[in-house]
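Survey of secondary and tertiary structure
The primary structure of each chain is shown beneath.
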Amino acid sequence: MSQRIYIFKGFERFWHWSQAFLIIFMLITGFEVHGSYSLMGFERAVDTHTFAAWTLVGLWCFAIFWHFTTGEWKQYIPTFDKITDMVKFYAIGIFTQAPHPYKVNPNRKHNPLQRLTYLGILAFVGPLIWVTGWFYIFHDQWHAWGWDAFLSLEWVAFFHTLAAFIFLAFVIAHVYLTTTGHTPLAHIKAMITGWEDVD
Amino acid sequence: MNNFERFAGLVVAAVFAATALGPARASSDPSPAPPAKAAAAAPGKPSTSTADHGKFKVLQQGFKSGPEVTKACLTCHTEAAHQVQGTQHWNWEFMNPKTNQRLGKKHVINNFCTAIPSNYEFCTACHVGYGWKDENFDFTAQENVDCLVCHDTTGTYRKLPGWAGHPVYQDTEFPPKSGKMVKAVNLADVAQKVGKTGRNNCGACHFYGGGGDAVKHGDIDSSLREPARYLDVHMAKDGLNFTCGDCHKTTGHAVSGSRYNPTAVDTAKHIRGKEDGNAAACQACHGHAPHKEKTRLNVHAEKIACQTCHVPEFARGGKPTKMLWDWSTAGKLKDGKPFKTKDSGGHDAYDSRKGDFKYETNVIPEYIWFNGQVDYTLRETKLDPTQVVHINKFNGSPDDGRSKIWPIKLFKGKQPYDVGSNQLIVFHTYGQDDSALWSNFNWDKAIEFGMKEIGAQYSGKYAFVETDMAWPITHMVAPKEDALACKQCHTAPGRLDKVPGIYMPGRSGNELLDMAGWSIAGLTLLGVLGHGAGRIVASRRSKGHQGGHP
């Protein structure tokens, strides 16, 4: 019989959803700044994109603090244990109603694929977009700080856009994978209420 | 001068204004020096001057000529003529310190009316002097300086092309055979009412450069007499109401600002008065970081001239500016007579005297990197007739560290050159003789006469070469709400499409990255949709199986 366990804490859920909103918003405004389409106008897109970026920075200050004070950062330590089972599950088992190979509990919230993906996002793609974003934001100061000697806006933009494309692909896959719980909305419910049904 | 005389003078002025002003301005024949409208002596605004020139005995005489007035002026303003004689307005000559080229109207051949030698009497209607009718003009004679053209406040002082810088002393039909009369100027009246130079004084020549209203510059024309705020934020009557001289600060008759040696990048640390620099540069008043709220724009200003955003178009005042002048078609006659054709806007499209024209209003400028160095194609310069000849080449590059992106009017033309020497030609356009192009429509004679006049060798063979000439766009500054919006450049295609060496979000991007990025995102989407569809199908099948359906 299934039981309910409390997986996602209040701050974690707040962090997740506000971050989700900001990232999607920045994808929309960012690609407008990039020139991919016209939506709210270049100037507003730049202004709101920048504002959202600083908001996310603020959110992250709390999130980093929270991860280290609570020890939750350990959730992202990579493991290859059961990773082939996970791949097999998504490739085959999910179509044959096979049981999920990974059981979550509050100390191991993420399956090994999630761990790897999130670590990759947090440790590589995230910093790439942060650093290039900051270069962008402080483009005003390059000259004054002497940075224009070794920075080129073209390359800053290139890597910022590259990271944005990876984020876009991540968001698409991530949203889809939320439907792979024992019911299509189970994971989303868990991220809203904090409670997950487990077998 | 008694009251009656003063009254009579006013009446003459008023009648002149009423008769000459209207029809002359509506005339299809553009005249370089139409009357200035009375403005400086605006009613209700008492003069703050400490001198009433009407009270000076020396000005209360029946002046017969301009030089007589000047002599009277000089009895008090002892140094004025000397000062004027040191300026470009007098000498029509400028030594470019950057290129050592000898420039100025006296030397340059442009692609409008081309050159003044052999045409002095016509061109010097806009000289601040009297009597420059040939190359023997005495540039040292003080009485030849024309004080009135810059200091007239009555709007009745008018110099006509053909009088070598003199105003008309008798009632004169102008343009010739037009039936329109220009009244003789009342020199005493004008002299007694002199004042500070106003926009109409400058405008009498500068609005009409190139042979008519708005023709030459594109950003200077008669719409600046009474511009709305939208047209010129500095000169609008209900705004700052600047005169030309408020920006073109003048010291001892030397006017600041130069088109021959422009300040492309103002590096002076000044706000006006604290350090020497070009007083007419925007930065002289606005400084280098004028955007207080949107500070990001101050960084833009490190690479982009103020004018690029703040003068969004030129010829914005409703007066079309000339964009093309093709001399090669001049001289066609209909039934042995010269003729004109008009474009849909009512402006000359063809004139037997001058060739083909193209006029435009609200023109989007060309944008270029410009570092202030201008190289002229002069009389002595050898040209390549297979290429477009740059009358004045504006130099600059994204990498030289001293250029900014500037808006320019690029004026295109076709004009004669000497096939034998590959040099531009001076030809005779105007004169009371049988060689002037505008009287006889004969290129051979006009060229021979012109070249002889300057003592130049001429092979006897001419052809027409394509030319262009750049004019910096800097006047008619719009209020900030009408400046360019980000999107006008940050888009593709945008305003700065032809400007190299800059990465602009919204305009530029790595096409390969875009292709790869959208492909990955698209494939991810396809992948998850396929995966999802597979799950739906699989779950239906297994349900069907479990439920025992066939």
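Each chain carries its own residue numbering, running from 1 in the direction its sequence is written. Going through the entries in the order they are written, you letter the chains from A and number the ligands from 1. A pLDDT threshold of at least 70 governs which residues receive local features in this predicted model, and a stricter bar of 80 or more applies before side-chain atom pairs are shown or counted, although totals over entire chains, interfaces and linings include all residues.

**Looking at the overall build of chain A**
The condition that has to hold: Elements are defined by DSSP. Helices are runs of H or I of four residues or more, strands are runs of E of two residues or more, and each kind is numbered from the N terminus. Residues are treated as contacting if the C-beta atoms built from their backbones sit within 7 Å of each other.
When its secondary structure is counted, chain A shows seven helices and two strands. Along the chain direction, N to C, the helices and strands of chain A fall in the order β-α-α-α-α-α-α-α-β. Within chain A, contacts between residues separated by at least 24 positions form 69% of all contacts whose residues are at least 6 apart in sequence.

**Comments concerning the pairing of strand 14 (residues 404-418) of chain B**
Residue and element names in this part refer to chain B. As a reminder, the rule being used: Residue burial is a threshold on neighbouring C-beta atoms within 10 Å of the residue's own C-beta, all placed from the backbone, with 20 or more meaning buried, 12 or fewer meaning exposed, and counts in between meaning partly exposed. Two strands are counted as paired when DSSP detects at least two bridges linking them.
The element strand 14 is extensively covered by neighbouring structure, given that 13 of its 15 residues are classed as buried. Here strand 7 (residues 321-326) runs beside strand 14; their pairing, made up of three bridges, is parallel. Bridge pairing in strand 14 places Leu324 opposite Lys412. As paired elements, strand 11 (residues 366-370) and strand 14 share five bridges and run antiparallel to each other. When the bridges of strand 14 are listed, Phe370 appears paired with Lys404. Across 11 bridges, the pairing between strand 14 and strand 16 (residues 462-472) is antiparallel. Its bridge partner being in strand 16, Tyr417 is matched across the sheet by Ala463. Two elements, strand 14 and strand 15 (residues 423-424), share two bridges in a ladder whose sense is antiparallel. Looking across to strand 15, one finds that Tyr417 is bridged to Leu424. Hairpin connection of strand 14 to strand 15: four residues between the antiparallel strands, including Asn422 at a positive phi of 50°.

**Side note on the environment of Phe139 of chain B**
Residue and element names in this part refer to chain B. Looking at the element boundaries, Phe139 is found in the loop between helix 5 (120-123) and helix 6 (148-151). Residues Phe139 and Ser222, 83 residues apart in the sequence, show an inter-C-alpha distance of 30 Å. Ignoring any residue separated from it by four or fewer positions in sequence, one finds Phe139 in contact with Gln85 and Asn91.

**A word on the domain arrangement of chain B**
All names here are of chain B. Under the convention used in this document: Where each domain starts and ends follows an automatic or database-derived domain assignment. Charged residues are taken to be Asp, Glu, Lys and Arg, nonpolar residues to be Ala, Val, Leu, Ile, Met, Phe, Trp, Tyr, Cys and Pro, and polar residues to be all remaining types, Gly included.
By domain assignment, chain B separates into domain 1 (3-92 + 127-261) and domain 2 (321-488). Each partner contributes to the interface: domain 1 provides 16 residues, whereas domain 2 provides 16 residues. By residue class, the composition of the side of domain 1 that touches domain 2 is seven nonpolar, five polar and four charged.

**Remarks on the environment of Ser152 of chain A**
Residues and elements named next belong to chain A. Looking at where Ser152 falls in the secondary structure, it is placed in the loop between helix 5 (142-145) and helix 6 (153-177). Judged by the 12 C-beta atoms lying within 10 Å of it, Ser152 falls in the exposed class. Through-space distance from the C-alpha of Ser152 to that of Ala45 is 22 Å; in sequence the pair is 107 residues apart.

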